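Reading the structure
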Amino acid sequence: MLLLECPYCGVKADETELTPGGEAHLKRFGPGSTDEAFEEYLFLRPNPKGVHFERWRHAHGCGKWFLAARDTATLEVFGTYTAQTTEPPEHIIDAIRAKRPDWSQA
Amino acid sequence: MSDLASALPGAEAQGLVTVREAGLVGMVTFRGDLSAPDTAAAIKAATGCDVPGQRAVVTEGEVSVAWMSPDELLVICPHDAATGMAAQISAQMGAAHHLALNVSDARAVFEVAGAGWRDVLAKVSPADLSREAFGPGEMRRTRLAQVAGAFWMTGEETVRVICFRSVARYVFDLLALSAKEGGAVGYH
Amino acid sequence: MSTRLSTGGRLIDRSRQLTFTFNGKSFKGVEGDTLASALLANSQTIMGRSFKYHRPRGVMTSGAEEPNALMGLGKGAKFEPNQRATTTELFDGLTAESQNHWPSLDWDIGEVNAALSRFLPAGFYYKTFIHPRPFWKHVFEPVIRQSAGLGKVPKERDADRYEHFYAHVDVVIAGGGIAGLQSALEAGRAGARVLLCEQTPHFGGRAPVDGVSIDGKPAEDWVAATLSELEGMDNVHIRPRTMVAGVYDHGYVIAYERVADHTPEADAPRHRLWRIRTKQVISATGALERPLSFPGNDKPGVMLASAMRDYIVNWGVSAGDRTVVVTNNDDAYRTAIAIKQAGLDVPCIVDARPEANGALPDQARALGIEVKTGMGIAGVKGLRGVVAVKLCRQAGEGAVVEEVVCDAVAMSGGWSPVVHLWSHCGGKLNWDEAGAFFRPDHARPPTSHDGAGFVTCVGSSDGALYAAEVLPNTSAATRGMLGQIGKTAADAPVVQADAPDEAPLAPIWMMPQGAGPKKRAKMWLDFQNDVKVSDVQLAAREGYESVEHTKRYTTLGMATDQGKLSNINGLAILAGELNAAIPQVGTTTFRPPYTPISMGAIAGEARGDVFQPLRRTPMQDWHEANGAHWEPVGQWRRPYCFPRDGESHRQAVNREITATRNSLGLLDASTLGKIIVKGPDAGRFMDMLYTNMMSTLKPGKCRYGLMCSENGFLMDDGVVARLDEDTFLCHTTTGGTESIHAHMEDWLQCEWWDWKVYTANVTEQWAQVAVVGPNARKVLQKLGGDIDLSKDALPFMAWAEGKLGAFDARVFRISFSGELSFEVAVPASQGRALWEALLDAGAEFDATPYGTEALHVMRAEKGFIMIGDETDGTVIPQDLGLDWAISKKKDDFLGKRGQQRSHMTDPARWKLVGLETLDGSVLPDGSYAMAEGENANGQGNTQGRVTSTYYSPTLDKGIAMGLVLNGPDRMGEVLEFNTTGDRTVKARIVSPVFYDPEGEKQNV
């Protein structure tokens, strides 16, 4: 059972205090977008074995959504960060590279 | 109005600790930019309290202000003062973007009193309740078995537990059961 | 026969006699006994029957690994099956019954299975009960069910209570033997927060039994001194009767505390499930002795050597008067020595190794015990007990060399470290060739959130099986672990233990090594599931090469003991048959819990009144007192109707509807979701959330709106009131409140974080009452106050705020029934008073509280949709004729792009219509409109379905809504609907608005 630190309130939150929200950093496609782009936005997920960026809400806590970089196979957590960003911040990328030198950002 | 009713008027259970409903408590939820000096000034003027730091509770007289999230505070005050408190905060904030609402009646408050309160709460909350991790001056929002809740210490041996009003019966039963004689853990 | 010795027993207090019953017979035991030791003391050697062949079985072990002595404990509401006699502390009045026997333990009719055992090989059920197929349901399954299962299911509701307990520590130590104690000492002195758990009531593990001396004193004294030092440390918490059951991701550990199993009369939780977050886990779980596979090794009287020693030393109980010890290692000699020292006979030690010259064999010989090396057991004589063993050469095929008369056999096949906790979360194992066991591979530990290992095995659990190795291993490993969590070990010398040196064991997987098929069919590997050497070999011959497949095919290592005794032996046999090395065959995965834990402990407090939260409105007490019949809506319980004396629910609903339409009805609408959306960008945000244009709504007005998911599907609906230029109040469905609020916050926090909008869920701040019917205005006016409720001042779809009598009210002129209707919201603390004030003031209008069913019927009479009835997550607003609520002017809203996809714009969709049966009956809920032909699966085609169907007392006939292919274009057409029987029902497509289509009634 995961333990993730909420970057807003600093609580090391038990998984039972959180709700999951799927993949992070999706780019929204609205009216005017192609069927392919819309399909990708709504349905297509890479489901990697390894480094993954994902959304969590501190539902039984401060109520904020935050993002986590995690290895889906080992459950190692490289870091959590606030959701107001379109891509992972530099310190998260660095933390991943330090642990997974072969990793490249898709 | 005279016949105002809290969620579970007079509810009380004795056991390893005493659990009792605290009656009507005034509460104002505030959302705004907590880092703005104008916000600090407005909160100070309306409540007498400074804006608390992360997860902290500050108290001045009958009013406490708790940090709930980076853009949310909970002002705790006498029940009959809550509507005025919300209005005063809004007046102080002026045109600055914010939200101040009286939410007193959306909540129920319980007082858990007795030396064993940490063990009693540890039966229903995954929060770390050790003295090192949780002490006076902190508001901890967490899970109480199956519902959301929060608590803060009002004394070395008393803690106040807030939950939504609709689940007051559930939370009271939960705390009373956890406090039942025979269930002492002797951990904290 | 087994009996109580006149002296000895370090754990018992002979002065305190206890009475208990076993299979209805009364027995005496003493304080400190386990149920198993007490039964042995009473010469009750048969304690159960095996699962498949119903063979009589005696106790095999003295601990958690016991496969045979499983009992049904307690009675009635306190009955629990499958409890191990070896881990059950005796108390006065305990009642136990043995399992898997009929009609009695001593004479069991199922024993015939044993005679048929050659016809019941591995995979028998799979092979036999396949054809003919129809036999499965009516013949095979009932027969198998009759004989399957271990123990009886309790028939009464569990009388006990249970609880959870959350703890946060630096180190959890599993096991209170000398390794666990030493580890706790190291961690405690270093200032770590330590939780030390021991599954039994006693600390010290095997060391005091085995006569080890530590630090120059007897182990017992060292254990007592260490415990007392630990008890003096504030940062160390010690928990007996607590088994670490499982290790999970990120340092989550569960432990199972048996608080009151031994004091069942105490008013205490029976079990407590510890839910622990720890930085590190120390596995000091010791090792388990393995049986030897010789013919007849399952007979009552054959026992693990260590267990026999435990019974003598701990409980003063002997397994027999003449005990043959059979072994492949030195440790078992301790048992022979203990038996001899208790004044009993050991006719010989049968040692499969070619020679035995260590300190322990020498000590045995010095006591006059004959040691027969290179020998094995070829058979055990006796039916319900042991009368003699037949000896043979281990190297041969089993020709009997001599018979030795005895009444008990102590066997030892070596020891396996308990590596379960290492393995639960992915720690890998290495095969130790010298010791013939799996040990933790330190290079591949289970890893935590930081990618570093978080489980450390110490002592025997790490493969340091000899007493002298245990403490140095423990100290070194614990100090390494402390460094990992930033603690510094105290500067103390490493304590040493003294015990005789032991020679290496010889891996003996079959005895004798050349045994033929007949003998192999009598060598038990898994005692609980009756899996023999021959079964595993058969599985291998039939192609089961994977140990995981073999396990499932033969049932090796299943059931309550999960292969604690059988795992390595079975693996070795499989490897031998496959001609592969043991590590190549692999090992099965260890999964939590280590031993079974009760369902009650898992549920914790969540039963009875607090099984789940039931949400209550401020008026709930009134509803309860007035006989409400409930309908669950999410976690709320809403009144479905308020039946009066002698009224059926249907009659009550009809009465409530009629009273409301004719005069005045009151509905507790407090559960309706209420979310505040405020800020300079609130209008823009509302336009994205709702399909309608909400930003044009004027303060003081209300508008019905729809919310869709990005996928285009209708998700929620409700009335929006604009409170002021900056602020909207969104009403949501009762069940959707929390998810809609979360949905709003998601978009605001994660997509449009630069928009200036705040939301707040204020649902519970307000009690809300729908005041409905032609007399609604009159009753509100009777309450007085300063709100002008006239048609002109407060027209349909407007709202006002002010005093309603003494109440602080918001009044919304909205209607879900088609009648003149006001929804009155007051702070929740005033809710009960408002409800009663309305009942009082409404008495002259026959004010009638109504429930959710009347609400549903009235809305259906008006053709209003209900989320969850007309929608199911695949329905778009356009399907429901709600195009009018979808803005054409907006460039974007959530769901707009989704609704532009070809399937959504296809004209041939199922769309909302009203349905009226030709005979006036009520269409069955969920009926389908049948169409010509069949689909690819041979099922009849359909062209629509019923989404809501009711009896309308207003119209005195059945009314329904449904989704029908091109429905709105087919008005007047008659469709045929199926039912659960052969009958079909004909219904005509009509407008979904059955009542007051012009909307005159709500507009007065």
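Read on for an overview of the structure. Since this is a predicted model, take the numbers as computed values, not measurements.

1. What about the nonpolar core?
Membership of the largest hydrophobic core comes to 81 residues, with the highest contact counts inside it found for Phe110, Trp117, Phe151 and Val171 of chain B together with Trp274 and Ile276 of chain C. For Trp274 of chain C, the residues in contact, after removing those within four places along its chain, are Val185 and Tyr187 of chain B together with Phe165, Ala167, Leu195, His237, Arg239, Thr242, Val253, Ile254, Ala255 and Glu257 of chain C. With 78 residues, the next largest nonpolar core counts Ala36, Leu360, Val389 and Met411 of chain C among its residues.

2. So, the interface of chain A and chain B
By a frequent convention, interface size equals the accessible area lost on bringing the separate parts together. On the chain B side, the residues contacting the 12 residues of chain A number 16 residues. Carbon and sulfur atoms supply 52% of the area buried between chain A and chain B, which totals about 1,100 Å² over both sides. When the buried area of chain A at its contact with chain B is split by residue, Glu17, His60 and Lys64 of chain A rank highest and sum to 39% of it. Counting across the interface, chain A meets chain B through 2 salt bridges. Two residues, Arg140 of chain B and Glu17 of chain A, come together in a salt bridge whose shortest N-O distance is 3.3 Å.

3. Considering the packing of helix H5 (residues 178-189) of chain C against helix H11 (residues 467-484) of chain C
Residue and element names in this part refer to chain C. Put simply, H5 and H11 touch, their axes get as near as 9 Å, and they point 35° apart. Considering only the axes of H5 and H11, their crossing is right-handed. Contacts between H5 and H11 pair Ile178, Ala179, Gln182, Ser183, Glu186 and Ala187 from the former with Val470, Leu471, Thr474, Ser475, Thr478, Arg479 and Leu482 from the latter. Classifying every residue of the contact of H5 with H11 gives 6 nonpolar, 5 polar and 2 charged.

4. Describing the interface of chain C and chain B
Opposite the 51 residues of chain C that make contact, chain B presents 51 residues. The tally of links between chain C and chain B comes to 5 salt bridges. Lys123 of chain B serves as the salt-bridge partner of Glu163 of chain C, at 3.0 Å between the closest nitrogen and oxygen. Along the contact surface separating chain C from chain B lie 27 residue pairs in polar contact (both at pLDDT 80 or more). Contributions of two or more residues to the side of chain C that touches chain B are made by strand E9 (162-174), strand E13 (236-239), strand E16 (271-283), strand E37 (673-678) and strand E41 (758-761) of chain C. With 7 residues, E9 of chain C is the single largest residue contributor to the side of chain C that touches chain B. For the side of chain C that touches chain B, the per-class residue count stands at 26 nonpolar, 9 polar and 16 charged.

5. Observations concerning the pairing of strand E28 (residues 429-432) of chain C
All names here are of chain C. Here 4 bridges tie E28 to strand E29 (residues 437-440), and the two strands are oriented antiparallel to one another. Following the sheet pairing, Trp431 is matched in E29 by Phe438. Between E28 and E29, which pair antiparallel and follow one another directly, the connecting turn spans 4 residues, one of which, Ala436, has a positive phi of 55°.

6. Thoughts on the sheet that holds strand E11 (residues 213-214) of chain C
Residues and elements named next belong to chain C. Strands sit in the order E12-E11-E31 across an open sheet of 3 strands; the sheet is antiparallel. Here the strands that pair on one side only, and so sit at the sheet edges, are strand E12 (217-218) and strand E31 (497-498). When E11 meets E31, the two strands line up antiparallel, connected through 2 bridges. By the bridge assignment, Ser213 is partnered in E31 with Asp498.

7. Brief notes about empty space enclosed by the protein
Residue and element names in this part refer to chain C. The full count for this structure, using the stated rule, is 9 cavities of 30 Å³ or more. Considering only enclosed or pocket space, the largest cavity measures out at about 180 Å³ in volume. In terms of lining residues, the largest cavity is bounded by 16 residues, among which Ser416, Pro417, Lys564, Ile568 and Phe590 are the most central. Sorting the residues of the lining of the largest cavity by element identifies strand E27 (415-417) and helix H15 (567-578) as the ones contributing at least two each. For the lining of the largest cavity, the class distribution of residues is 8 nonpolar, 6 polar and 2 charged. Of the voids in this model, the second largest cavity is the one considered here, and its volume is about 100 Å³.

8. What to know about helix H14 (residues 547-554) of chain C
Every buried residue of H14 of chain C is accounted for by Val547, Thr550, Lys551, Tyr553 and Thr554 of chain C. Backbone geometry just after H14 of chain C places Thr555 of chain C at a positive phi near 70°.

9. Thoughts on the packing of helix H22 (residues 776-783) of chain C against helix H23 (residues 831-842) of chain C
When two helices pack together, their arrangement is given by the angle between the helix axes and by the axis-to-axis distance. All names here are of chain C. Interhelical geometry of H22 versus H23 gives an angle of 110° and a closest axis separation of 9 Å. Here H23 runs roughly perpendicular to H22, going by the angle between their axes. Like other packed secondary-structure pairs, H22 and H23 cross with a definite hand, here right-handed. In contact with Val779, Leu780, Lys782 and Leu783 of H22, H23 contributes Leu834, Ala837, Leu838, Ala841 and Gly842. Looking at the contact of H22 with H23 residue by residue, the classes come out as 7 nonpolar, 1 polar and 1 charged.

Reading the values: the criteria
Residues numbered from 1 in each chain as written. Chains lettered and ligands numbered in written order. Predicted model: local features only at pLDDT ≥ 70, side-chain atom pairs only at ≥ 80, totals over all residues. Heavy atoms only, no water. Core = buried A, V, L, I, M, F, W, Y, C linked by side-chain atoms within 4.5 Å. Buried < 20%, exposed > 50% of the residue type's maximum accessible area, 1.4 Å probe, protein only. Contact = heavy atoms within 4.5 Å. Buried area = accessible area lost by both parts, 1.4 Å probe. Salt bridge = Lys/Arg side-chain N within 4 Å of Asp/Glu carboxyl O. Axes fitted to C-alpha atoms, helices over the stretch in contact; angles between N-to-C directions. Helix = DSSP H or I, 4+ residues; strand = E, 2+ residues; numbered from the N terminus. Left-handed = near helix turned anticlockwise from the far one by under 90°. Nonpolar A, V, L, I, M, F, W, Y, C, P; charged D, E, K, R; others polar. Polar contact = N/O pair within 3.5 Å; in protein donor to acceptor, adjacent residues only side chain to side chain. Pairing = 2+ DSSP bridges. 1 Å grid on protein atoms, 1.4 Å probe; cavity = no way out; pocket = protein on both sides within 12 Å on 5 of 7 lines; lining within 4 Å. Points joined across faces, edges and corners; volume = space filled by probe spheres on them. Parallel < 35°, antiparallel > 145°, perpendicular 65-115°, else oblique.

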